Each structure stands twice: as structure tokens, then as C-alpha cells.
Amino acid sequence: MSQADFVLTNPHVFRVYKSGHDGPLLVLLHGGGHSALSWAVFTAAMASRVTCRVLAMDLRGHGATQVRHSDDLSTQTMSRDVANVVRATYGETPPPIILVGHSMGGAIAIHTASSGLLPTVVGLVVIDVVEGSAMDVLHSMQNFLRGRPKTFKSIDRAIEWSVKSGQVRNLESAKVSMVGQVRRCEEEEGDPSEQVSPAGDVVTEGNEEFYDLNYVTDKAESATSEPHSVYSWRIDLSKAEKYWDGWFRGISNLFLSCNIPKLLLLAGIDRLDRDLTIGQMQGKFMMQVLPPCGHAVHEDMPDKVADALASFMIRHKFAEVRSETKSSSYPFMR
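Residues numbered from 1 in each chain as written. Predicted model: local features only at pLDDT ≥ 70, side-chain atom pairs only at ≥ 80, totals over all residues. Heavy atoms only, no water.

**Re the overall build of the protein chain**
So, point 1. Within the protein chain, the regular secondary structure consists of 13 helices and 12 strands.
So, point 2. Across the 334 residues that make up the protein chain, the buried fraction comes to 55%.
So, point 3. In the protein chain, of all internal contacts separated by at least 6 residues, the share reaching a separation of at least 24 is 72%.
So, point 4. Here the protein chain has roughly 14900 Å² of accessible surface; of this, 48% comes from carbon and sulfur atoms. (Helix = DSSP H or I, 4+ residues; strand = E, 2+ residues; numbered from the N terminus. Buried < 20%, exposed > 50% of the residue type's maximum accessible area, 1.4 Å probe, protein only. Contact = heavy atoms within 4.5 Å. Areas by Shrake-Rupley, 256 points an atom, 1.4 Å probe, with all protein chains shown as cover.)

**A few points about the nonpolar core**
So, point 1. Judged by nonpolar contacts, the single largest core of 50 residues is most densely connected at Val 82, Leu 99, Leu 124, Trp 247, Phe 255 and Leu 264.
So, point 2. If you tally residues by element for this core, the top one is helix α3 (residues 104–115), at 6 residues.
So, point 3. Core analysis: the second largest hydrophobic core is formed by 39 residues, Trp 39, Leu 265, Ala 306 and Met 313 among them. (Core = buried A, V, L, I, M, F, W, Y, C linked by side-chain atoms within 4.5 Å.)

**Observations concerning the pattern of salt bridges**
So, point 1. Under the counting rule described, the total for this entry stands at 6 salt bridges.
So, point 2. In this structure, Arg 60 engages Asp 81 in a salt bridge whose closest nitrogen and oxygen atoms are separated by 2.5 Å. One end of the pair, Arg 60, is in the loop between β4 (53–57) and α2 (75–90); the other, Asp 81, is in helix α2, with 21 residues separating them in the sequence.
So, point 3. In this structure Arg 60 comes out as buried when scored by relative accessible area, which is 3%.
So, point 4. One continuous salt-bridge network, built from bridges that share partners, spans Arg 49, Asp 303 and Asp 307. (Salt bridge = Lys/Arg side-chain N within 4 Å of Asp/Glu carboxyl O.)

**A word on the UniProt feature "active site" (unreviewed entry) in the protein chain**
So, point 1. Under the UniProt annotation, "active site" (unreviewed entry) lies at Ser 103, Asp 128 and His 295. Taken together, the annotated residues stretch across 193 residues yet fold into one region, lying no more than 8.3 Å apart by C-alpha.
So, point 2. Structurally, the position occupied by Asp 128 is in the loop between β6 (121–127) and α4 (131–137).
So, point 3. Using a relative accessible area of 5% as the deciding quantity, one classes Asp 128 as buried.
So, point 4. Non-local contacts of Asp 128, meaning those with residues more than four positions away in its chain, are made with Ser 103, Leu 265, Leu 266, Ala 267, Arg 271, His 295 and Val 297.
So, point 5. Mapped onto the elements, His 295 comes out in the loop between β12 (286–289) and α12 (297–300).
So, point 6. In this structure His 295 touches His 102, Ser 103, Asp 128 and Asp 300, once residues within four positions along its chain are discounted.
So, point 7. Polar side-chain contacts of His 295 include one of 3.0 Å to the side chain of Ser 103. (UniProt positions renumbered as here; feature names shortened; annotations may be inferred. Polar contact = N/O pair within 3.5 Å; in protein donor to acceptor, adjacent residues only side chain to side chain.)

**Observations regarding empty space enclosed by the protein**
So, point 1. The final tally for this structure, using the stated rule, is 1 cavity of 30 Å³ or more.
So, point 2. Taken as a whole, the largest cavity holds about 40 Å³ of empty space.
So, point 3. Looking at the largest cavity, the residues that line it are Ile 110, Val 126, Val 129, Val 130, Glu 131, Ile 251, Ser 252, Phe 255, Leu 264 and Leu 276.
So, point 4. For the lining of the largest cavity, the leading source of residues is helix α10 (residues 251–257), giving 3 residues.
So, point 5. Considered class by class, the residues forming the lining of the largest cavity number 8 nonpolar, 1 polar and 1 charged. (1 Å grid on protein atoms, 1.4 Å probe; cavity = no way out; pocket = protein on both sides within 12 Å on 5 of 7 lines; lining within 4 Å. Points joined across faces, edges and corners; volume = space filled by probe spheres on them. Nonpolar A, V, L, I, M, F, W, Y, C, P; charged D, E, K, R; others polar.)

**Here's the deal with the environment of Met 287**
So, point 1. Position of Met 287 relative to the elements: it lies in strand β12.
So, point 2. Remark: the alpha-carbon pair of Met 287 and Leu 276, spanning 11 residues in sequence, is separated by 9.9 Å.
So, point 3. Ignoring sequence-local partners within four residues, the contact set of Met 287 consists of Leu 263, Leu 264, Leu 266, Ile 269, Leu 272 and Gln 280.

This is the structure in C-alpha cells:
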């Protein structure tokens, strides 16, 4: 992603990252607890494959976005946020849009597409979220959240935990995406894991216009030497429990009912539920199960996800393959 910006949708301010100037628009929606930075490595991979534009946004309550009622994480509110940010950025007639969402962001992408809030949506891509398996794990989500460290002594420690815990298995992506998940806090007297107070973001970009991997990594590494600081999660996902059911319940049928080309990318075939199994057999959407990876599929295997999405876009004539990539990767382009 080459440009970082803030988009005002009065009275809200959303952090967005943009890339590209031509072709269809990929609107990228991150998972719960993550931020738009989770798409950084994937975006670079996409830019080398097809001509397209990218808009990745920090959803409300996440990253550097600042909104009123940031604890309102309902699907209706977040879907409206997505539509408002797109319109504020590209006007009332934005370019052809392909909504791409991971986990919670995948559910929001489905709700946004089915709501008709963005009339130029031509495609829908959902990454590793299926109603059946998502509903099954909700009862254990609080235990998972309680099992995470509350704070980290440095960004390096946060990145190390991310990789060792398997949250993100790709170190290159973890170095960027963890910056959007934690923020620096001043350490108070007593146990730093229990007492922290906000003291600003780990990355203060000021008037920096361009975003790149080296910039964020350098800032993160320099922050590790700051004395008397710890880093805590930017959002307490446990407080959003009342919205979890609404994110995922009914999304399989909503996904199937969207009358546009659809792609489902999964980390494992075991995630497929009954409705989607039937729909896939009926040819209602394209599906690809990627080689073994974690839940953050687009971070663990950005090149594989970029290949799958590029093939999807080319087959449906949404985008043109970059001339230098016309090879055995896309044999149907010969």
C-alpha cells in the first residue's frame, strides 16, 4: 500500500490505505482485532499480478480509525461505514468494486454486498469464514482472548508472540500487521500487565503521506528501546461479544444469495458447512482450499491468495493481467 490517509465521514474519521490508480477497486476488510495493515504484503503481491486499485480500511474500533460509539460493531453499522468510506473516497459512482473480507471482515463484506449499499459491487471474495464453523467456535472465543498476553514489553515481543502462537505464520507480514493491533502505553506502578494507560500509538505518522513496509518496521524497531513503555491491544474484543452472533449467523445463505461472482478461500476443507457444500456442488461460487496455513490466510500465504484472486478477476474479466506476469501462472490467458 503506497498511500496512507484519513477519510472523514462526518463525524467519523477512518484510517485508509490506498494503492493503484486504474482498474477495478478491491475494498479490503480485515478480521476482528486486526487492522488494514494486515493486507500490506498481500497488496504488494496483487499489484504485481493485475491492474487494480486497493482501498484497505481500519474498521470502527480498530487501528487508527476514530468514530463516535466505537463499541457499536453491529453488521449494519459497519456495512454503512464501508459504503460511506467508499463514497467519500470515490464519489457516488465509484469504479467496479470487489469486496474482499477476512473472518469478521468477510462477514461484513457479505452483509455489505447483500444490502445493496454499493451499487457498483461486481464481485465478492470471502477468506476463511463459514457460518457453521464460525458459530461453533464462538463459545470458546472468550477463553482464547483471555489466553493472550495482555501487554508486551516491545513491538518485537508482540511480533514474536504473533508468529510463535501461530496467529500469523509469516514473519514479514507479522512485522507490519502487529503495528496495527497494539499501541504504546505508559507503564504505571505495579504489575504492567494489569495497569496501563493510553499514551498514543506506536507509529505516529504525522504528515507522512506514503506507507511502506520498511517505514513501519523501522518505526517499530526504534520503539522497542523506549523506556517505561508497554504495548497493549488497541481493541478489547471480549467487550464485543454481543455482536459476535450477528456477524456470522445467516451468512452462508446471504453469501449464496448474492447474485454476483463469488470466491471462497479456505484454510481447510473441514471449515465448509452444509449450505455451502450444496452451493459449491451446484456451482454457485468458486472455491479454493489453500495449502496448510493458519486462519490469517492472506498473511500466511499472500502470494497464493493473490494468485487465487487474480485468477478470479481475470476469468470474470474484472481486471487485466499485467503483461510481465502472463505466464504459466494463468494458462487460460494464452
